[in-house]
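Residue-level listing of the chains:
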Amino acid sequence: MRHVISILLENESGALSRVAGLFSARGYNIESLTVAPTDDSTLSRMTIVTSGTDAVIEQIIKQLNKLVSVAKLSDLSEIDFIEREIMLIKVRAVDQGREEVKRLTDIFRGRILDVTDSSYVIEVTGDDYKLRAFVDALGADNILEVARSGATGIGRGEKSLKV
Amino acid sequence: MELSGGEVLMEALKEEGVEMVFGYPGGAVLHIYDALYQQNSVKHILVRHEQAATHAADGYARATGKPGVVLVTSGPGATNAVTGIATAFMDSVPMVVISGQVQSRFIGSDAFQEVDCVGITRPCVKHNFLVDSLENLASTIKQAFYVASTGRPGPVVIDIPKDFTTPGITVPFSYPKEVEMRSYSPPTQGHPGQIRKAVDIILSAKRPMVYSGGGVVLGNASEQLRTFVKSLGYPITQTLMGLGAYPASDKLNLGMLGMHGTYEANMAMHECDVLIAIGARFDDRVTGEVDSFCPHAKIVHVDIDPASISKNVAVDVPIVGNVSQVLEAMSEQISATEKRADPADLADWWAQIKGWASGNCMDYEASTTEIKPQSVVEALWRVTNGDAYITSDVGQHQMWAAQYYGFDKPNRWINSGGLGTMGFGLPAALGVQLAFPDEIVACVTGEASIQMCIQELSTCMQYGTPIKIINLNNRYMGMVRQWQEFSYEKRYSHSYMDALPDFVKLTESYGHVGMHIENPADVEGALKEAFALKDRLVFMNFVTDQTENVYPMIEAGKGHHEMRLNPARELA
Ligand SMILES: Cc1ncc(C[n+]2csc(CCOP(=O)(O)OP(=O)(O)O)c2C)c(N)n1
Ligand SMILES: [Mg+2]
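Residues numbered from 1 in each chain as written. Chains lettered and ligands numbered in written order. Predicted model: local features only at pLDDT ≥ 70, side-chain atom pairs only at ≥ 80, totals over all residues. Heavy atoms only, no water.

Counting secondary structure elements, chain A contains 4 helices and 9 strands. Secondary structure elements in chain A, listed N-terminal to C-terminal, are β-α-β-β-α-β-β-α-β-β-α-β-β. In terms of overall dimensions, chain A has C-alpha extents of about 55 × 35 × 30 Å along its principal axes. Residue burial in chain A is summarised as follows: out of 163 residues, 42% are buried. In chain A, the proportion of contacts linking residues at least 24 apart, taken out of those at least 6 apart, comes to 73%. (Helix = DSSP H or I, 4+ residues; strand = E, 2+ residues; numbered from the N terminus. Buried < 20%, exposed > 50% of the residue type's maximum accessible area, 1.4 Å probe, protein only. Contact = heavy atoms within 4.5 Å.)

It is worth spelling out the interface of chain A and chain B at this point. Chain A puts 19 residues into the contact, and the matching count from chain B is 16 residues. On the chain A side of the contact with chain B, Arg18, Lys62 and Val68 of chain A bury the most area, a combined 45% of that side's loss. Taken together, chain A and chain B are joined by 2 salt bridges. Between lysine 66 of chain A and aspartate 305 of chain B there is a salt bridge, with its nearest N and O atoms 2.6 Å apart. Counting across the interface, chain A meets chain B through 10 residue pairs in polar contact (both at pLDDT 80 or more). If you list the elements that add at least two residues to the side of chain A that touches chain B, you get α1 (15–25), α2 (54–66) and β4 (70–75) of chain A. Here the side of chain A that touches chain B gets 5 residues from one element, more than from any other, and that element is α2 of chain A. Taken together, the residues of the side of chain A that touches chain B sort by class into 6 nonpolar, 6 polar and 7 charged. (Buried area = accessible area lost by both parts, 1.4 Å probe. Salt bridge = Lys/Arg side-chain N within 4 Å of Asp/Glu carboxyl O. Polar contact = N/O pair within 3.5 Å; in protein donor to acceptor, adjacent residues only side chain to side chain. Nonpolar A, V, L, I, M, F, W, Y, C, P; charged D, E, K, R; others polar.)

Residues and elements named next belong to chain B. Here we have 6 strands laid out as an open sheet, ordered β16-β15-β17-β18-β20-β19, and parallel in their pairing. Each end of this open sheet is capped by a strand with a single partner; those strands are β16 (413–414) and β19 (513–517). Here β19 runs beside strand β20 (residues 538–543); their pairing, made up of 5 bridges, is parallel. Of the residues in β20, the one forming a bridge with methionine 515 is methionine 540. The sheet strands contacting helix α15 (residues 396–404) are β15 (389–392), β16, β17 (441–446) and β18 (468–473), and the helix crosses β17 at an angle near 140 degrees. Taken strand by strand, helix α20 (residues 523–532) contacts β17, β18, β19 and β20, and its axis lies near 170 degrees from that of β20. (Pairing = 2+ DSSP bridges. Axes fitted to C-alpha atoms, helices over the stretch in contact; angles between N-to-C directions.)

Residues and elements named next belong to chain B. Among the structural elements, aspartate 273 can be located in the loop between α10 (263–271) and β12 (274–278). For aspartate 273, which is buried and forms no salt bridge, the nearest opposite charge comes from arginine 207, at a distance of 4.8 Å. From its side chain, aspartate 273 meets the backbone nitrogen of lysine 206 in a polar contact 3.0 Å long. When residues no more than four places from it in sequence are discounted, the contact partners of aspartate 273 are Ala205, Lys206, Arg207, Pro208, His296, Ala297 and Lys298. (Lys, Arg positive; Asp, Glu negative; His and termini not counted.)

Moving on: the coordination of the magnesium ion (ligand 2). Residue and element names in this part refer to chain B. Every protein donor of the magnesium ion (ligand 2) is listed here as Glu447 (OE), Glu447 (OE), Asn474 (OD1) and Tyr476 (O), and their distances to the metal cover 2.0 to 2.5 Å. Note that the magnesium ion (ligand 2) binds 6 donor atoms; their angles at the metal cover 52 to 177 degrees, and the shape is irregular. Within one chain, the residues serving as donors to the magnesium ion (ligand 2) are arranged as E-x26-N-x1-Y. As far as the burial class goes, asparagine 474 and tyrosine 476 line up, both buried. (Donors = N, O, S within 2.8 Å, 3.2 Å for Na, K, Ca; no water. Tetrahedral: all angles 85-135°; square planar, octahedral: opposite > 155°, others 65-115°.)

Moving on, we come to helix α6 (residues 137–149) of chain B. With 13 residues, α6 of chain B ought to run about 18 Å at 1.5 Å a step, and its terminal C-alpha atoms sit 19 Å apart, in line with that. Elements that come into contact with the buried residues of α6 of chain B comprise α1 (5–15), β4 (68–72), β5 (95–101), β6 (127–130) and β7 (155–161) of chain B. (Expected span 1.5 Å × (residues − 1).)

A separate point is the confidence of the model for chain B. Residues at a pLDDT of 70 or more form 99% of chain B, whose mean pLDDT is 97. Overall fold confidence (pTM) sits at 0.97, and the ipTM for the predicted complex is 0.93. (pLDDT = per-residue confidence, 0-100.)

All names here are of chain B. For the structure shown, the criterion picks out 16 aromatic pairs over all chains. When the ring of tyrosine 476 is compared with that of tyrosine 496, the centres are 5.5 Å apart and the planes differ by 75 degrees; the resulting orientation is edge-to-face. Of the two residues, tyrosine 476 sits in the loop between β18 and α18 (478–487) while tyrosine 496 sits in the loop between α18 and α19 (503–509), which places them 20 residues apart along the sequence. For tyrosine 476, a relative accessible area of 14% gives the class buried. Each ring, one from phenylalanine 503 and one from phenylalanine 539, has its centre 5.2 Å from the other, and the planes form 10 degrees; the classification is stacked. Taken as a pair, phenylalanine 503 in helix α19 and phenylalanine 539 in strand β20 lie far apart in primary sequence, 36 residues in all. Three or more aromatic residues joined by ring pairs form one cluster here, namely Tyr211, Phe282 and Phe293. Sitting over the ring of phenylalanine 531, lysine 468 keeps its end group 5.9 Å from the ring centre. When the ring centre of tyrosine 476 is taken as origin, the NZ or CZ atom of arginine 481, which lies over that ring, is 5.4 Å away. (Phe/Tyr/Trp six-rings, centres within 6.5 Å; stacked < 30°, edge-to-face > 60°. Lys NZ or Arg CZ within 6 Å of the ring centre and 35° of its normal.)

All names here are of chain A. Where nonpolar side chains cluster on the molecular surface, the patch consists of Ile86, Leu88 and Leu113 and spans about 230 Å² of accessible area. Residue position: leucine 88 is located in strand β5 (residues 81–92). Overall, the relative accessible area of 38% leaves leucine 88 in the partly exposed class. (Patch = residues over 30% accessible without salt bridge, like charges linked within 9 Å, V, L, I, M, F, W, Y side chains within 5 Å. Areas by Shrake-Rupley, 256 points an atom, 1.4 Å probe, with all protein chains shown as cover.)

On to the nonpolar core. Residues and elements named next belong to chain B. Ranked by internal contacts, the top residues of the largest apolar core, which has 60 residues, are Leu225, Phe228, Tyr234, Leu275, Ile278 and Met330. Beyond its immediate sequence surroundings of up to four residues, leucine 275 is in contact with Met209, Tyr211, Met269, Phe282, Phe293, Cys294, Ala297, Lys298, Ile299 and Val300. Of all hydrophobic cores here, the second largest spans 47 residues; its members include Ile45, Ala52, Val70 and Phe503. (Core = buried A, V, L, I, M, F, W, Y, C linked by side-chain atoms within 4.5 Å.)

Before going further, it helps to spend a moment on the sheet that holds strand β11 (residues 253–256) of chain B. Residues and elements named next belong to chain B. Judged by pairing direction, the sheet is parallel, and its 6 strands sit side by side in the order β11-β10-β9-β12-β13-β14 without closing on themselves. A single partner strand is all that each edge strand has here, and the edge strands are β11 and β14 (317–320). The sheet shows a mean angle of 15 degrees between the axes of neighbouring strands, direction not considered. In this sheet, β12 lies alongside strand β9 (residues 208–212) in parallel orientation, the contact comprising 5 bridges. Within β12, the position partnered with valine 210 by the bridge is isoleucine 276. Packing of α10 onto the sheet brings it into contact with β9, β10 (236–238), β11 and β12, and relative to β11 it is tilted by some 105 degrees.

Moving on to the site of ligand 1. All names here are of chain B. Near ligand 1 there are 17 residues, and of these Gln396, Gly420, Ser449, Tyr476 and Gly478 occur at the shortest range. Contact between ligand 1 and glycine 420: a nitrogen atom at 2.8 Å from a main-chain N or O atom of the residue. One of the side-chain nitrogen or oxygen atoms of asparagine 474 is found 3.0 Å away from an oxygen atom of ligand 1. Coverage of ligand 1 by the protein amounts to 77% of the 590 Å² it exposes when considered alone. Secondary structure elements with two or more residues in the shell around ligand 1: α15 and α18. Ranked by residue count, the leading element in the shell around ligand 1 is α18, at 3 residues. (Near = heavy atom within 4 Å.)

For the rest of this paragraph, the subject is unusual backbone geometry. Residues and elements named next belong to chain B. At the junction of tyrosine 551 and proline 552, the peptide bond is cis and its omega measures out at -10 degrees in the coordinates. Located in the positive-phi region is lysine 490, a residue other than glycine, with phi close to 60 degrees. Within the element layout of this structure, lysine 490 appears in the loop between α18 and α19. Look at lysine 490 and you get exposed, because its relative accessible area is 54%.

Right, here's the structure in full:
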């Protein structure tokens, strides 16, 4: 099953490679990995999207917790959570296609950020499912370039991931 | 007190109670060596190769329970140390490795003797640090010792750029008393509810089995294990790493389990209905094929590392905690309750076990013409009253030492179980002997393994360590040859040791005593003679039966109940 894991990581050099190294050394899947600073300058927040059997996920979480650089961790998939990812996508936009792409962008609540005679750059935000749906709707033939940020996530409600 | 980085390091080591450091100098640690020279609380042991520094510190740590400390230079010094760091990591040995690094402003410039030491060692350390300032040096050292020696122990590397140890550049020194690490909190107490659940299952068993591992030795829980097992009267087996935690001579002990374990231990594993795993990690050399592992058993698993639990084998009652505390708590609960396993069930179970044991799986064919390696280990046990520290290398000799030297005490059997590092034995023995100058220390080795760190004979001369080296010389990489005999139709591809040195002359050239023994009748006498030389290192070259195999054996893909037994047993 697909899991979204949020990690508060000590903001120190090498911490990212400890996590990345763990995944490659133990042969765990990484679908996406994002990391950025938080409001607390001593911590970064990392979001890993991974998949595996329950036993594998249990091991991933235990092994992550074992890393001395990991301050706190939450398997968001175990709770009610929000997942978001941003996608920038460059598409061919000519003739009647221009209108059609514009309409699709509106449906997916996207924004057009750049316009030329023959192309648009569109920004769409959502979970993995929505982004893939948008890509499918545009059709492979029209797509020039895709840049996705990787997912980030946060639990709903008052309870929060804090050290 | 204003100190330079080199002096900070020396003071910190003193504060940590470090009595000796195993090391080798070089450019990036020259400042540190200068500080070392100007103090006399920390002794430095100059090895002949950085790999040996790590193995010696490792042997020291396994024998004493205190972290071993290593000091190496940048670049090749650090890379040479990696094998020993990985060895300590796999066996959870507390160790602090201090490596020099190029000056901080040169990092990343491919400077002379620069390697990314933190990067290279990352997968084989518990944690590592690249020191970022002279101001943070003392607190980093404090954290390193704390991480290395608490929880599930392991090696920690501290990489120190040369400019942070420059003489004359100083900081006010105060060594932190406490460590505060929000992202590291090793577990201590087992969960009381889990302990209650476990005791209930343990006391309801019909065919119980205790399986203990290296965690009991590392966790200093041998006494607690003995009390626990004796109060129950249950059979116990140990892993290669756990030997000695429970006395080999006790009647409840079925010996080692796993690939070269006893028939009775492995059969009891296969047939038990409750398995009590203590400080063991279900390694593949222990479980055999996991699909047929303990098929009838409910499993209780006590371990300090949550990640060890249900990693290879799913368990029913996990208890995360310090093994000695959990064993004590379980023993308390057992004495507080009337409930016991049904004595009739237990008697039946023991009768079944005695049946398996009656096959005497450890018997081997005696010979009057060739030295049987097993007989050398048995004689070694007699000559040392079973009370020596035994280190070993990797191969058949290691298994024979484990099988035939009955260890009654913990911390006496010192071998590279997890990584299986040839070359470990001699430097490890050096570390043990330096820790305990008055104890008997022997290294059981093979002619291939010993050559991987043979240069340490020189270190042994320098520090006068009277180690006894028992070389079971079969002129083969015996363990490799055995696998080739069983699985590759005797195609002995590159497992033959040709062009061997004259070990007696070689030893003598280092200034030690060499002995050559090829007659079975001479074995015991030679050992007595060697051990009588209390102040000398003696290298005993035993020319042994060339094609003897290690039995019993579970071959790849087989379960505990499918052991291959010594075909010579019936002949004997
Ligand atoms: C550094 C290293 N290289 C290779 C091996 C693989 N290996 C395991 S046992 C063995 C042969 C050991 O031969 P020897 O030391 O003579 O011991 P014997 O098995 O003959 O008793 C080898 C090559 C290893 N364990 N370690
Ligand atoms: Mg050999």
